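Structural overview
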Amino acid sequence: MELTARKRYRLLIFTVLTFRLLAGGLFIFSGFVKAVDLWGFIFKIDEYFAIVNFSAPRSVSLAFALIIAGFEFIGGVLLLSGSYRRWSVIVMTALMAGFDILTLYLWITDPIPDCGCFGDAWVLSNGATFFKNVILTAMLVFLLFYNKKVRYALFKPAVQWIAFAASFFYIVCVAMVCYNVQPQIDFRPYPVGRQLIADSDDIENIKYTYTDGKTQRTFTADNLPDEGWEFVSVIEESPKSGNDIFSVYDGDEDVSDEVFSKVPRRFLLVIPELNRADISFSHFVNDLFRLCKKNNIKFSALIATNDAGLERWQDYSLAAYDCFTAEDTSLKELARGNMSLVYLENGVIKWKSTVSSVYDTDIDKLEKKYGADFAMKMAPVPISIERMTFWYIIVLAILTMSKAIINFIYLLRAKSKNIKIKK
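Residues numbered from 1 in each chain as written. Predicted model: local features only at pLDDT ≥ 70, side-chain atom pairs only at ≥ 80, totals over all residues. Heavy atoms only, no water.

Turning to the pattern of salt bridges, a few remarks are in order. Scanning the entire structure with this criterion turns up 13 salt bridges. The closest approach of N and O atoms between Glu-273 and Lys-332, which form a salt bridge, is 3.8 Å. Here Lys-332 lies in helix α10 (residues 328–334) and Glu-273 lies in the loop between β6 (266–271) and α8 (282–294), a separation of 59 residues in the sequence. Residue Lys-332 is classed as buried on the basis of its relative accessible area of 16%. One network of salt bridges, in which partners are shared, links Asp-46, Arg-58, Glu-273, Arg-276 and Lys-332. (Salt bridge = Lys/Arg side-chain N within 4 Å of Asp/Glu carboxyl O. Helix = DSSP H or I, 4+ residues; strand = E, 2+ residues; numbered from the N terminus. Buried < 20%, exposed > 50% of the residue type's maximum accessible area, 1.4 Å probe, protein only.)

So, in structure tokens, the structure goes:
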């Protein structure tokens, strides 16, 4: 009987630790991807509000997005590490109960295509999301009864509050940096470094498959094989291209080819929600346009509106640059923020940022210092997620080893006292 009880306890430990790892890991991932693309989650919350015909101020959507992302990330860290074993499970189970009701409603009515649980990093259908939540809730209910019986934890009780505080500070910093500039980890179709449009005529992106009767090999256009090889197929590759390009209009005319044509340098002003655009930034944008015109840099605005809205923006902002209309969802995929700048060289996205993050830039000083190269130099350089994550992990590692560090210090003190006594 004693051996059976021991096996049961070991099985309980294994199950609890496994559920902590799975549930905590999912919450950490979900909270992190929401925080790193807080704008994307804000847009998703706006979709939820639209279901009940409620137009929330942006500050309300921002608060909801930040609170949910923070709750998920911090709760995930506490679950995974075994900290606050009772309250962490109670809070996350209550949160999941609300999510279960919401995702069941989404699965039945299907008012939006996906819930946005993992942002653009991992898109699940509403049905898959509901069943994922049911399984996650079942693990949490199990932990409600048995989590306290397993005392294994990464952090000692005395320092668990520090882990909570460090996690809170870390996720808020990640969210605010990415909200004020751009997501530093970009899961959308047009991240920095990619060509904005697929260039199917680029001969470097076309390869040819040949066979010699035994094996198949691929060759580029300038390295085709000699006689003895038989042609099989063509492989078109666009490793630096985004998804299918969206359409841009000048009135009823599709001007996508003109706007997205390869030119040495180009700025795009992106406004996905004209009613939320800050007209106070127009003075800075107009100064930037004049400097671009002086240095032969193309400058255009892409605005999600109709012709009347376009004319209104041009009147209010005194825009002398070309303004075109585009679909709002596509513009939100291109750049986050109410007003954003995207800078391209030869069709490749070099950087993008909200206008608010570069608004304080002294353009005249920038031109005097860097001349025609000012465009690359004005890109904002926020604190990187890699650096924040490094120091966050260092703090957690120190907390994990805190007990051993304290014992080591006590040991040194004890040895020091013994040496003094001998003298």
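One pass over the structure, following the stated rule, counts one disulfide. Disulfide pairing places Cys-115 opposite Cys-117 at an S-S distance of 2.2 Å. The sign of the -135° torsion about the S-S bond sets the Cys-115-Cys-117 disulfide as left-handed. Overall, Cys-115 belongs to the buried group, its relative accessible area being 5%. Note on Cys-173: no disulfide assigned, nearest cysteine sulfur contributed by Cys-178 at a separation of 11 Å. Owing to a relative accessible area of 21%, Cys-173 belongs among the partly exposed residues under this scheme. (Disulfide = S-S within 2.5 Å.)

The first and last C-alpha atoms of helix α3 (residues 58–81) sit 34 Å apart over 24 residues, in line with the 34 Å expected at 1.5 Å per residue. Where α3 ends, the next residue or the one after it, Gly-82, has phi of about 80°, a positive value. (Expected span 1.5 Å × (residues − 1).)

Now for the nonpolar core. Core analysis: the biggest nonpolar cluster contains 58 residues, and Phe-32, Phe-73, Leu-79, Leu-140, Tyr-170, Val-174 and Ile-385 have the highest contact counts within it. If we skip the residues at most four places from it in the chain, Ile-385 touches Phe-32, Val-36, Tyr-170, Val-174, Cys-178, Gln-184 and Ile-185. (Core = buried A, V, L, I, M, F, W, Y, C linked by side-chain atoms within 4.5 Å. Contact = heavy atoms within 4.5 Å.)

Attention now moves to the sheet that holds strand β8 (residues 322–326). Spatial strand order, β5-β4-β8-β7-β6-β9-β10: seven strands in an open sheet with mixed pairing. Bordering the open sheet on either side are β5 (253–254) and β10 (348–354), each of which pairs with just one other strand. Of the strand pairs in this sheet, strand β9 (residues 340–345) and β10 are connected by six bridges, and their pairing is antiparallel. Note on β10: the bridge partner recorded for Ser-340 is Thr-354. Along the sheet, helix α9 (residues 307–317) contacts β6, β7 (298–303) and β8; its crossing angle with β8, the most-contacted strand, is approximately 150°. (Pairing = 2+ DSSP bridges. Axes fitted to C-alpha atoms, helices over the stretch in contact; angles between N-to-C directions.)

Here the focus is unusual backbone geometry. Residues other than glycine seldom take positive phi values, yet Leu-318 does so here, at roughly 55°. Here Leu-318 lies in the loop between α9 and β8. You will see that Asn-346, though not glycine, has its phi angle at about 55°, which is positive. Position of Asn-346 relative to the elements: it lies in the loop between β9 and β10. For Asn-346, a relative accessible area of 46% corresponds to the partly exposed category.

In this description, an aromatic ring pair is defined by two values, namely the gap between the centres and the angle between the planes. Across all of its chains, the model carries 27 aromatic pairs by this definition. When the ring of Phe-267 is compared with that of Tyr-343, the centres are 4.9 Å apart and the planes differ by 45°; the resulting orientation is tilted. With Phe-267 in strand β6 and Tyr-343 in strand β9, this pair connects stretches of sequence that are 76 residues apart. Accessibility assignment for this pair places Phe-267 and Tyr-343 in one class, buried. Here the aromatic residues Phe-267, Phe-289, Phe-299, Tyr-321, Tyr-343 and Trp-351 are joined through ring pairs into a cluster of three or more. (Phe/Tyr/Trp six-rings, centres within 6.5 Å; stacked < 30°, edge-to-face > 60°.)

A few words now on the packing of helix α2 (residues 38–51) against α3. Remark: α2 packs on α3, axes separated minimally by 9 Å, with the N-to-C direction vectors making an angle of 115°. Between α2 and α3, the angle falls in the class roughly perpendicular. Between α2 and α3 lies a crossing whose hand is right-handed. The segment α2 lies against α3, with Leu-38, Trp-39, Phe-41, Ile-42, Phe-43, Ile-45, Asp-46 and Phe-49 engaging Arg-58, Val-60, Ser-61, Leu-62, Phe-64, Ala-65, Leu-66 and Ile-68. Residues that form the contact of α2 with α3 fall into these classes: 13 nonpolar, one polar and two charged. (Parallel < 35°, antiparallel > 145°, perpendicular 65-115°, else oblique. Left-handed = near helix turned anticlockwise from the far one by under 90°. Nonpolar A, V, L, I, M, F, W, Y, C, P; charged D, E, K, R; others polar.)

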